[in-house]
Amino acid sequence: MNTNGQLEMPAASLIESFNDHSATIGVAGLGYVGLPLAVEYAAAGFEAIGIEPNETRTAKLNDGVNYIDDLDDAQVASLVQQGRLRASTDYSDAGDVDVFFLCVPTPVTEHKEPDTTYIEAATRSIAEHLRPGQLIILKSTTYPDTTEGVVQPILEEAAAEKGLTLGKDYFLAFSPERIDPGNKEFTTANTPVVVGGVTDTCTQVAEAALREIIAEIHVAPSPKVAEMEKLLENIFRSVNIALVNELAKLCDRVDDLSMWDVIDAAKTKPFGFMPFYPGPGLGGHCIPIDPYYLSWLARRYDFETSFITLAARVNEGMPYYVAEAVVEQIARQPVRLQDAKVLVLGVAFKGNVDDTRHSPAETIIRLLREKGVEQVAFADPHVEEFAVHTANSTTRPVEKQPLTAETLQAHDVAVLVTNHEAFDTELIATHANAIVDTRNALSDIADERRSKICLLGGGHENGTLAEVEVAPSSTA
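Chemist: Which residues make up the side chain of Asn 440, and what are the values?
Modeler: Turning to its location among the elements, Asn 440 is positioned in the loop between strand E14 (435–437) and strand E15 (453–455). Overall, the relative accessible area of 19% leaves Asn 440 in the buried class. Ignoring sequence-local partners within four residues, the contact set of Asn 440 consists of Trp 260 and Leu 455.

Chemist: Break down the packing of aromatic side chains for me, citing the residues and quoting the values.
Modeler: The full count for this structure, using the stated rule, is seven aromatic pairs. Aromatic side chains Tyr 41 and Phe 46 sit 5.6 Å apart centroid to centroid with 75° between the ring planes, which places their arrangement in the edge-to-face category. Accessibility assignment for this pair places Tyr 41 and Phe 46 in one class, buried. Each ring, one from Tyr 41 and one from Phe 101, has its centre 5.5 Å from the other, and the planes form 35°; the classification is tilted. Within this pair, whereas Tyr 41 is found in helix H2 (residues 34–43), its partner Phe 101 is found in strand E4 (residues 99–102), the two being separated by 60 residues in sequence. Across the pair, Phe 101 and Tyr 41 agree in class, each one buried. The ring centre of Tyr 292 lies 4.8 Å from the NZ or CZ of Lys 112, which sits over that ring.

Chemist: Tell me what's going on with the pattern of salt bridges, and back it up with residues and numbers.
Modeler: Scanning the model with the defined rule gives 23 salt bridges in all. The salt bridge involving Glu 370 is made with Arg 366; its shortest N-O contact spans 3.0 Å. Here Arg 366 and Glu 370 lie together in helix H12 (residues 360–370), a separation of four residues that amounts to about one turn. By relative accessible area, which is 53% here, Glu 370 ends up exposed. One salt-bridge network, in which partners are shared between bridges, spans Glu 47, Arg 86 and Asp 93.

Chemist: Give a description of the packing of helix H8 (residues 223–251) against helix H10 (residues 290–300) that names residues and reports values.
Modeler: Running from N to C, H8 and H10 point in directions that differ by 120°, and their axes come no closer than 9 Å. The pairing of H8 with H10 is recorded here as oblique in orientation. Note on packing geometry: the crossing formed by H8 with H10 is left-handed. Within the contact between the two elements, H8 uses Met 228, Leu 231, Asn 234, Ile 235 and Ser 238 and H10 uses Asp 290, Pro 291, Tyr 293 and Leu 294. In terms of residue class, the contact of H8 with H10 is built from six nonpolar, two polar and one charged.

Chemist: Describe helix H7 (residues 200–210), listing the residues and the values that go with them.
Modeler: Most of H7 is tucked away: eight of the 11 residues are buried. Those residues of H7 that sit buried are Thr 201, Cys 202, Thr 203, Val 205, Ala 206, Ala 208, Ala 209 and Leu 210.

Chemist: A description of the nonpolar core should follow, citing residues and the corresponding values.
Modeler: General note: in soluble globular proteins, nonpolar side chains tend to be found buried as a group. Core analysis: the largest hydrophobic core is formed by 75 residues, its most contacted members being Phe 18, Tyr 41, Leu 61, Leu 85, Phe 100, Phe 101 and Leu 135. Beyond its immediate sequence surroundings of up to four residues, Leu 85 is in contact with Ala 38, Val 39, Ala 42, Ala 48, Leu 61, Val 76, Leu 79 and Val 80. Ranked by size, the runner-up nonpolar core spans 32 residues in total, among them Val 326, Val 327, Val 347 and Ala 434.

Chemist: Account for the sheet that holds E14, naming residues and giving values.
Modeler: Taken together, the seven strands give an open sheet; going across it, the order is E11-E12-E10-E9-E13-E14-E15, and neighbouring strands pair in mixed fashion. Lying at the two open borders of the sheet, with one neighbouring strand each, are strand E11 (386–389) and E15. Within this sheet the neighbouring strands show an average axis-to-axis angle of 30°, counted without direction. The pairing of strand E9 (residues 341–345) with strand E10 (residues 375–379) spans five bridges and is classified as parallel. Following the sheet pairing, Val 344 is matched in E10 by Phe 378. Helix-sheet contacts for helix H11 (residues 306–331) involve E9, strand E13 (413–416), E14 and E15, and the interaxial angle to E13 is about 155°.

Chemist: Give me the sheet that holds strand E8 (residues 217–219): which residues, what numbers.
Modeler: Pairing is mixed in the open sheet, where eight strands are placed in the order E3-E2-E1-E4-E5-E6-E7-E8. Edge positions in the sheet fall to strand E3 (85–88) and E8, since each has one partner strand and no second. Averaged over all pairs of adjacent strands, the angle between their axes in this sheet comes to 25°, without regard to strand direction. The pairing of strand E7 (residues 193–197) with E8 spans three bridges and is parallel. Counterpart to Val 195 in the pairing with E8 is Val 219. Sheet strands in contact with helix H5 (residues 117–127) are E4 and strand E5 (134–138), and its direction is about 165° off that of E4. Set on the sheet, H7 makes contact with E4, E5, strand E6 (170–174), E7 and E8; between it and E7 the angle comes to about 150°.

Chemist: Can you lay out the environment of Leu 61 for me, pointing to particular residues and giving the numbers?
Modeler: Position of Leu 61 relative to the elements: it lies in helix H3 (residues 55–62). Owing to a relative accessible area of 0%, Leu 61 belongs among the buried residues under this scheme. Once residues lying within four places of it in the same chain are set aside, the contact partners of Leu 61 are Leu 30, Leu 35, Tyr 67, Val 76, Val 80, Leu 85 and Ala 87.

Procedures and definitions
Residues numbered from 1 in each chain as written. Predicted model: local features only at pLDDT ≥ 70, side-chain atom pairs only at ≥ 80, totals over all residues. Heavy atoms only, no water. Helix = DSSP H or I, 4+ residues; strand = E, 2+ residues; numbered from the N terminus. Buried < 20%, exposed > 50% of the residue type's maximum accessible area, 1.4 Å probe, protein only. Contact = heavy atoms within 4.5 Å. Phe/Tyr/Trp six-rings, centres within 6.5 Å; stacked < 30°, edge-to-face > 60°. Lys NZ or Arg CZ within 6 Å of the ring centre and 35° of its normal. Salt bridge = Lys/Arg side-chain N within 4 Å of Asp/Glu carboxyl O. Axes fitted to C-alpha atoms, helices over the stretch in contact; angles between N-to-C directions. Parallel < 35°, antiparallel > 145°, perpendicular 65-115°, else oblique. Left-handed = near helix turned anticlockwise from the far one by under 90°. Nonpolar A, V, L, I, M, F, W, Y, C, P; charged D, E, K, R; others polar. Core = buried A, V, L, I, M, F, W, Y, C linked by side-chain atoms within 4.5 Å. Pairing = 2+ DSSP bridges.

Structure follows, in structure tokens:
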């Protein structure tokens, strides 16, 4: 920026390329965050190139085949046909890209510590092709200081060899993803985003890039603030879900006290309360993982996030609680545990999506098998195949069954884990022999069929759920 407050080249040139849509957009990682982002830019008139190591995804996209439920199949096919959207398995075209979005996974290790391997690998690949006039925006959910402490040093090492200066020749920022899979109301285009650049110029350039497809942008004073606010978003949910999960377990010990009725009553208050609901555990990439990003960071500063970690442990314990409820329902029937058949209704981590990452269904099925219930199958309209990790680091498939009257009648217990809209609750209530409902999906069933429904948080009289005191994992 010059003394008159105007942006200098190449920042000014890069912003101009946004205005005339001549900029090329690169998206590293074409999952549920990256592909919708690439589609939005392509639909706005930009050329969008996705870098995705998964050859199956890359081939599908280049054939115009959409694999993300939230996107329109016809739109994806049209954008590919017009040449605005394409995918590659490598970074061979990285030198032609003006804006890079990093939408790669950020898992945790077995010791619950952040794993930035994917971020580092993507950054190194970009650094090999770094040139003046490029903007890199990290969108992966991570811990504060990843942008400046992990990404920036890799870029600066390459930039030094090329005589490039951060904030003058190339630009770096963080803007967390805010995708909610299955949400038809809030999408990539109409959900406000936060952005924070390493320098003021970085922030201006990044904001200009995002404003081409997103109307409402909040500028954070730094990448660290943007990184931390993303953790706050998700941990806010984790803590409140843990609260209602714990209260649901209490209600299961009390006669005639349903947590679902309690929440319905509480949410009539127009201020100071936001409804959260009990469930079989958390899933997806963010909410089960993010508390451990923060607890790891806290330990580096000799601080313990005990409240946040406790909430994570409460949520991690819910699949154990549900598995015990299934075993109890089996015990009420004239069948031995080893002969019992259980049907898991839904293995996706949330309703109306096909994403099974960290799904509580996996832990529930694993626990049932460990307890001797070998005959476990699943029904899920969004998921074709499902496997469960075993103790020896292998995976074991779970048989898929159609959701029919015959299937329900053939199983001793049906456990409703995911509240897919496609599930026929009348069919389930009518033909299942016993039901563990973890989502209150069968709340409309008001006749004698309710007697075979064991509702999580539904109160002692609604089918006893045993209290389980389990330490599901190390807090690391």
